[in-house]
Every structure is written in C-alpha cells, then in structure tokens.
Amino acid sequence: MIREAVILAGGLGTRLRPVVNELPKVMAPVNGKPFLHYIITTLEQQGITSVVLAVGYLKESIMAWCDGRYPNLSICFAIENSPLGTGGAIANALHHCSNDEVLLLNGDTYFELSYQDFLNFHQNQDSVCSLALKPMQDFDRYGCVVTDAQHHITSFLEKSYRVIGLINAGVYLIDRKEFMRISWPEVFSFEKDDDSVRTVIEASSSILLHLIDRFFKTLQEESPVAAYMAEGILKGVFSQKN
C-alpha cells in the first residue's frame, strides 16, 4: 500500500489571481472549502499516512490552514524560499520522504482513481515512474499522451483538437531512490531545455524524467515511463482563459 504522497502546491497561479485574490492556487474555494481539502481528504481515505506539501508562493496561508486539521496524517512542508522550478520542487520535496514509492500529485488537479490498483500496475511494470492517464473524447484543452502495447509512454503531442486520446491526469508514482540517485541542480525546470538539465542527462546512467507541459517523458529507453489508464473523474483549477 502507498503510504506517502507529495503535493505540488507552490505554483504562482498568475492567471487565477483576479479570481482568487491573494490565495495560492491550491486554496481556491470550491463549495466553501479549499481545493486542497479534496485532495488531502482523498489521500487519507485511500490509506496515505504521510503528506509532503511542496509550497512557495503564499505558503503561509496553506500552512496555517493545514495546522491541526488532519490529526491522523503526518504533514510536513518542503518550502521554496525562492523558486526552484518544477523539477527542483519535486527533488526538494522528495528529500522529506522516506518510502521507496511515493505518490506525486499536482495540487491544482483532482483525479479519482484507486491508488492501490495504480501501485499494483506500477510494480508489475517494474517502472521507475508511472503516469496516470485519462481517456478523453472531443477535446482541445490538453496535450495528448501516446503509448505502446506494453503500456509505455512513447511521445507527447501538443494541444490540438482530437476526437479521442489520452491525457495526463496529474498523478504519478515515483521510485524515490532512483530519482534521488541523480545529482540534480538545486534550481531547474524539466519543462525547459536548460544546460544544467542536459548536463545531468549526459552524466547519468539512470532514468531521467523530463516534464513537458507537466508531462513526464522518459529520456532513456531502458527505463520507460509506464502509462496507467483510469476512467475516474478529473477536475482542475483553471481560469476561464486557461
């Protein structure tokens, strides 16, 4: 059973600021409660006992809201005092984790799936990283993920209208030890083709996960990213123009 999760909650949420005022994106109210509430409640219901919140922008409001609210959960904060980039935030948060397998979630996305089924798939695939995908029809808001017959991700396609396809649901399972074995720079973004990341790629013999528009993509064929399909409800925090 998965016991530990990381929630990425440090985004600036620039496009949402006119809507949520001075609140971080994960604290956007939904039916009178922060969006984050629904994510943490689901984690607790599915057996998660330890949560690491990767926080930065307006972190005080997240920390104050969590204080004493979940007595049965161990909650700690991986704080970005200055922006670390998406990849840096993940690496920083994983330093606060102790389990071998860690669930990773985007704090602005809610996806309904069985974490136990996801873990079983992940272990059967013997994957360093598994990504949850959702089948969609008639969409143009999202990029598309292409997989092969072995449930391995082969490519990521840009946003465009598609009759049918698979999209990233914002939930991942990561082999923490393998990820941390790479000597990451302190500040880096997977979504940018940056020299520091390219240096790591060339120096490392293990898997590198490259985040493209929040999508993990394997850069080494010997350790493919596995694709887990689920039909659950997908909700996100978006501006009207997003």
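Keep in mind that what you see is a predicted model, and the values were worked out from it rather than measured.

1. A word on the overall build of the protein
Next, step 1: Helix and strand counts for the protein stand at seven helices and 15 strands.
Next, step 2: Counting over 242 residues, the protein shows a buried share of 50%.
Next, step 3: In the protein, the share of contacts with a sequence separation of at least 24, taken over all contacts with a separation of at least 6, comes to 70%.
Next, step 4: Roughly 11800 Å² of accessible area belongs to the protein as shown, and the carbon and sulfur atoms make up 48% of that amount.

2. Quick look at the side chain of R162
Next, step 1: In this fold, R162 is placed in strand β11 (residues 162-175).
Next, step 2: Of the side chains bearing the opposite charge, E158 lies closest to the buried R162, which forms no salt bridge; the N-O distance is 8.2 Å.
Next, step 3: For R162, the side chain forms a polar contact with the side chain of S160, separated by 3.1 Å.
Next, step 4: Excluding its chain neighbours within four sequence positions, the residues that come into contact with R162 are Q137, D138, F139, C144 and L157.

3. Focus: the pairing of strand β5 (residues 74-79)
Note on strand geometry: in a regular strand, side chains alternate between the two faces of the sheet.
Next, step 1: Both strand β4 (residues 50-55) and β5 contribute to a ladder of six bridges, which runs parallel. Residue L53 lies in a different strand from β5, and its bridge partner there is F77.
Next, step 2: A crossover connection joins β4 to the parallel β5 through helix α3 (residues 59-66); in handedness this β-α-β unit is right-handed.

4. Remarks on empty space enclosed by the protein
Next, step 1: Going through the model one piece at a time under the given rule, you end up with two cavities of 30 Å³ or more.
Next, step 2: By volume, the largest cavity is sized at about 40 Å³.
Next, step 3: Lining the largest cavity are I39, T42, L105, T109, Y110, F111, Y115 and V171.
Next, step 4: Mapped by element, the contributors of at least two residues to the lining of the largest cavity are α2 (35-45) and β7 (109-111).
Next, step 5: Per-element tally for the lining of the largest cavity: the top contributor is β7, with three residues.
Next, step 6: Of the residues that constitute the lining of the largest cavity, the class distribution is six nonpolar, two polar and no charged.

5. Observations concerning helix α4 (residues 85-94)
Next, step 1: When you tally the buried positions in α4, you get seven out of ten residues, the bulk of the element.
Next, step 2: Among the residues making up α4, those that are buried are G87, G88, A89, I90, A91, A93 and L94.

6. Quick look at the sheet that holds strand β6 (residues 101-106)
Sheet strands associate in pairs through backbone hydrogen bonding, adopting either a parallel or an antiparallel arrangement.
Next, step 1: An order of β5-β4-β1-β6-β11-β8-β14 is seen for the seven strands of this open sheet, with the pairing classed as mixed. In the strand order of this sheet, the two ends are held by β5 and β14 (226-229), each with one partner. Ignoring which end each strand starts from, the neighbouring axes of this sheet average 30 degrees apart.
Next, step 2: Note: β6 against β11, five bridges, orientation antiparallel. Paired with V102 across the two strands is I174, which belongs to β11.
Next, step 3: Of the strands in this sheet, β1 (4-8), β4 and β6 are in contact with α2, which crosses β1 at around 170 degrees.
Next, step 4: On top of the sheet, α3 reaches β4 and β5; it is set at about 170 degrees to β5, its chief contact.

7. Topic: the nonpolar core
Next, step 1: L36, L43 and L103 are the most contacted members of the largest nonpolar core, which totals 36 residues.
Next, step 2: Tallying contributions element by element places α2 first for this core, with five residues.
Next, step 3: Those residues in contact with L36 that lie beyond four places of it in its chain are I7, V26, M27, L53, I62, W65 and C66.
Next, step 4: Residues V145, I174, F179 and V225 belong to the second largest nonpolar core, which totals 24 residues.

8. Notes on helix α5 (residues 115-125)
Count 3.6 residues to each turn of an α-helix, and residues three or four apart come out pointing the same way.
Next, step 1: Along α5, the residues classified as buried are Y115, F118, L119, F121 and H122. For α5, the angular spread of buried residues about the axis comes to 160 degrees, placing them on one side.
Next, step 2: For α5, the elements touching its buried residues are α2, β6, β8 (129-139), β11 and β14.
Next, step 3: Once α5 finishes, D126 follows within two positions and takes phi at roughly 50 degrees, a positive value.

9. Some details on the packing of α2 against α3
Next, step 1: Their axes nearest at 12 Å, the elements α2 and α3 cross at an angle of 50 degrees. The angle between the axes of α2 and α3 places the two elements in the oblique class. Considering only the axes of α2 and α3, their crossing is right-handed. Two secondary-structure elements touch here, α2 through L36, H37 and I40 and α3 through I62, W65 and C66.
Next, step 2: Among the residues making up the contact of α2 with α3, the classes are represented as five nonpolar, one polar and no charged.

What counts as what
Residues numbered from 1 in each chain as written. Predicted model: local features only at pLDDT ≥ 70, side-chain atom pairs only at ≥ 80, totals over all residues. Heavy atoms only, no water. Helix = DSSP H or I, 4+ residues; strand = E, 2+ residues; numbered from the N terminus. Buried < 20%, exposed > 50% of the residue type's maximum accessible area, 1.4 Å probe, protein only. Contact = heavy atoms within 4.5 Å. Areas by Shrake-Rupley, 256 points an atom, 1.4 Å probe, with all protein chains shown as cover. Lys, Arg positive; Asp, Glu negative; His and termini not counted. Salt bridge = Lys/Arg side-chain N within 4 Å of Asp/Glu carboxyl O. Polar contact = N/O pair within 3.5 Å; in protein donor to acceptor, adjacent residues only side chain to side chain. Pairing = 2+ DSSP bridges. Right-handed = clockwise from strand over helix to strand, strands pointing away. 1 Å grid on protein atoms, 1.4 Å probe; cavity = no way out; pocket = protein on both sides within 12 Å on 5 of 7 lines; lining within 4 Å. Points joined across faces, edges and corners; volume = space filled by probe spheres on them. Nonpolar A, V, L, I, M, F, W, Y, C, P; charged D, E, K, R; others polar. Axes fitted to C-alpha atoms, helices over the stretch in contact; angles between N-to-C directions. Core = buried A, V, L, I, M, F, W, Y, C linked by side-chain atoms within 4.5 Å. Arc of directions from axis to C-beta. Parallel < 35°, antiparallel > 145°, perpendicular 65-115°, else oblique. Left-handed = near helix turned anticlockwise from the far one by under 90°.

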